[in-house]
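Results of the structural survey
Here are the chains, one letter per residue:
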Amino acid sequence: MSAVLETRDLCKRFGALTVADNINFRLEAGAKHALIGPNGAGKTTFVNLLTGLLAPSSGTVMLGGQDVTLLPQSGRVKRGLGRTFQINTLFREMSVLDNVALGIAERLGLSGKLWRPAGHYAAVREEAMSLLDSLAIADQAARRVSDLPYGQQRLVEIAIALGLKPTVLLLDEPAAGVPSLETERILNALDSLPKTIAILIIEHDMDLVFRFADRITVLVQGEVLCEGAPQEIANDARVQSVYLGERRA
Amino acid sequence: MKHPVGYGADARLRWTEWLPWVVAVAVFFLLPEYLSLGARVLTYILFALSLDLVLGYAGIVTLGHAAFFGTGAYVAGILAAKLGVTDPVIQLLASAAAAALLGLATGAVILRTHGLAQLMLTLAVAAVCLEIANKATALTGGADGLSGVSVAAIFGQFKFDMYGRTAYLWCLLLVFTGWWLVRRVIYSPFGATLTGIRENSVRMHSIGAPVYQRLLTVYTLSAAMAGTAGALLTQTNQFVGLNVLGFEPSGEILVMLILGGVGRLYGAFVGPLLFLIAQDYLARQFPEYWYFGIGLILVLVVLFARGGILGISDAIIARMGRKS
Ligand SMILES: Nc1ncnc2c1ncn2[C@@H]1O[C@H](COP(=O)(O)OP(=O)(O)O)[C@@H](O)[C@H]1O
Ligand SMILES: [Mg+2]
């Protein structure tokens, strides 16, 4: 198999703190890959390095076989990279519909258009509505997103990313703090995506990880501790010790 | 009155949106002695509209928008007084182009920064422009100002008359055009992107939007509009002074817009109207209290009525609607 997303010796330092320490990582085409590790391990930072929100201190990011280390975020999105945020990053004063439509219009290359009213682009609106429908929040489309309960805001967070029709999707704790009903909706939406999409999910809920992932990487203090199939990781003594809260030697 | 924009919005004109134009035409016929004040109000409405586009919609905080207003004013003035270009349309176009160029050049730097650094840079640009106008006395007349501005008849037909009738209608035409343009822009997909950038630029980046390029586009457009407003001021006053540049007009236009309501399109109408009428009466009678009064009102608006006067009227209408 070929890697759709890959890092080589990726490092990120914040002053004296090394948050990504020589990470060599491969996300295969169509993979359902989980990234786990204790709080502060550097998981979110790693995602930010992949998307270009942060620039690495050293190392390379490859997307679709090409070096994108110097490519800005917009260029990576155009090449199929989509993401969600651990902390809701929404257009709070805008409607649920607009939150999703902005990304769809961007993907369709319509959002630089200066003349016709946005409301005339029925195709954008319809695509946004059907996406919201698939997450069972179509009835909230006209509401201001900041008026929604937290669980539904989480669904909007994911809907925005899905509207980009990414081929590589990075999900940063999508179900954190989400009621179980919405968690099911998130999983259903992910299940109904085309199988060719590669997904990297950061998640603390181990049940969810084992249900979803066919491959797991464990990150501890910015370093990859180990990687493997779910069963291997579950039986790994080092992983167990990390998750029992013990310090590594 | 705060019109929703975006993909679910209805962009058709509401009847209330005709009100400003009905009032403006009524003033022309009913209050002929106020036409020069009226032209001044209209000029500042155009200036405020340009500011609303960057501040209210794109969320770019600027303390130096007078740089573009003043550039437009001086370009029109220099063309008229020094180069013998008296055609008002050409003056406007040249002013708009010069201000747009300045917006593009300075925006290219300013829009790469954020927060306080951005604020200081906008201030610095206006300060530099002021100093250039002050020093280039051969062109600008320096501190004495630029007089001898002559403006030919509009389209070779309509002479600027001593009653200010032509000037008023000319300003009205340009405000109408500016309003129409801004309205198209804010309802468009591009306008929705601007709101998105204001709301959350991190997310805009992550959905693949070329944020910087969008900001630069709107900044340039806004600069062109502010330059046009400056040129209008020159044409109606037939004089340019250093006071079109620098901190005072930058601050005043910001105050007018905040009073009227930021990011509401019609706040740019209400603010200058009330501010300039109040200034016309109060500043003459109570010059020592005028700025104190404005300052106090501004503090109250910022503390208690973020949406400005239009925000207050919205709240009242909403409350009445709930009662009935
Ligand atoms: N912008 C930043 N500046 C300084 N330190 C940061 C920054 N972002 C994250 N960190 C630090 O990097 C470490 C890893 O953070 P993060 O990537 O959020 O971890 P995780 O997502 O695994 O919980 C933490 O110690 C955090 O405090
Ligand atoms: Mg995190």
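Anyway, here's the lowdown on the structure attached to this text. Quantities reported herein were computed from a predicted structural model and do not represent experimental measurements. (Residues numbered from 1 in each chain as written. Chains lettered and ligands numbered in written order. Predicted model: local features only at pLDDT ≥ 70, side-chain atom pairs only at ≥ 80, totals over all residues. Heavy atoms only, no water.)

**Examining the overall build of chain B**
The line we're drawing: Each helix is a run of DSSP H or I of at least 4 residues and each strand a run of E of at least 2, with the numbering of both proceeding from the N terminus. Both definitions apply: the radius of gyration is a C-alpha atom measure, and the globule rule equals 2.2 Å times residues to the power 0.38. For every residue, the accessible area obtained with a 1.4 Å probe (protein chains only) is divided by the maximum for its type, and the residue is called buried under 20%, exposed over 50%, and partly exposed between those limits. Only heavy atoms enter the contact rule, under which two residues are in contact if any of them lie within 4.5 Å. Surface accessibility in these figures is a Shrake-Rupley result with a 1.4 Å probe; residues are shielded only by whichever protein chains are displayed. Only four residue types enter the tally: Lys and Arg on the positive side, Asp and Glu on the negative side; His and the chain ends are excluded. A charged residue contributes its charge at one atom only: NZ of Lys, CZ of Arg, CG of Asp or CD of Glu.
The helix and strand tally for chain B stands at 14 helices and zero strands. Sequence-ordered secondary structure for chain B, helices as α and strands as β, is α-α-α-α-α-α-α-α-α-α-α-α-α-α. Radius of gyration (C-alpha) of chain B: 19 Å, near the 20 Å computed for a compact globule of 324 residues. Seen through its principal axes, chain B has C-alpha atoms that stretch 55 × 45 × 40 Å. Buried positions account for 53% of the 324 residues belonging to chain B. Considering only intrachain contacts with a sequence separation of at least 6, the fraction spanning at least 24 residues in chain B is 80%. Element-wise, carbon and sulfur atoms account for 70% of the exposed surface of chain B, whose accessible area totals about 14,400 Å². In chain B, 20 positive and 14 negative side-chain charges are present, and the distance between their average locations comes to 11 Å.

**Observations regarding the sheet that holds strand β3 (residues 32–36) of chain A**
All names here are of chain A. Counted only if it meets this: Note on pairing: two strands pair once DSSP finds at least 2 bridges between them. In this analysis, axes come from line fits to C-alpha atoms, helices being fitted only over the stretch in contact, and the angle between any two N-to-C directions falls in the range 0 to 180 degrees.
A sheet is described by the order of its strands in space; here six strands give the open sequence β6-β7-β8-β3-β9-β10, paired in mixed fashion. The open sheet is flanked by β6 (81–83) and β10 (223–228), the only strands paired with a single partner. Each adjacent strand pair in this sheet contributes to an overall mean axis angle of 20°, direction not counted. With five bridges joining them, strand β9 (residues 215–220) and β10 adopt antiparallel strand pairing. Bridge pairing in β10 places V220 opposite E223.

**As for the pairing of β9 of chain A**
Residue and element names in this part refer to chain A. Burial within β9 is extensive, with five of its six residues counted as buried. Here four bridges tie β3 to β9, and the two strands are oriented parallel to one another. Note on β9: the bridge partner recorded for H33 is R215. Hairpin connection, β9 to β10: the antiparallel pair is bridged by two residues, and Q221 has positive phi, about 50°.

**Some thoughts on the coordination of the magnesium ion (ligand 2)**
Residue and element names in this part refer to chain A. In plain terms, the rule: Keep in mind that water is not among the atoms, so a site may look incomplete; donors are the N, O and S atoms within 2.8 Å of the metal, or 3.2 Å for Na, K and Ca.
Donor atoms from the polypeptide that bind the magnesium ion (ligand 2) are T44 (OG1) and Q86 (OE1), placed at 2.0 to 2.1 Å. Taken as a pair, T44 in helix α1 (residues 43–51) and Q86 in the loop between β6 and α3 (96–107) lie far apart in primary sequence, 42 residues in all. Q86 sits in the partly exposed class, given a relative accessible area of 28%.

**Some remarks on the packing of helix α12 (residues 267–285) of chain B against helix α13 (residues 287–304) of chain B**
Residues and elements named next belong to chain B. What counts, and what does not: Under the scheme applied, nonpolar residues are Ala, Val, Leu, Ile, Met, Phe, Trp, Tyr, Cys and Pro; charged residues are Asp, Glu, Lys and Arg; polar residues are all the others, including Gly.
The geometry of α12 relative to α13 is characterised by a closest axis approach of 6 Å and an angle of 145° between their N-to-C directions. In contact with F275, A278, Q279, L282, A283, R284 and Q285 of α12, α13 contributes P287, W290 and I294. Looking at the contact of α12 with α13, its residues break down into seven nonpolar, two polar and one charged.

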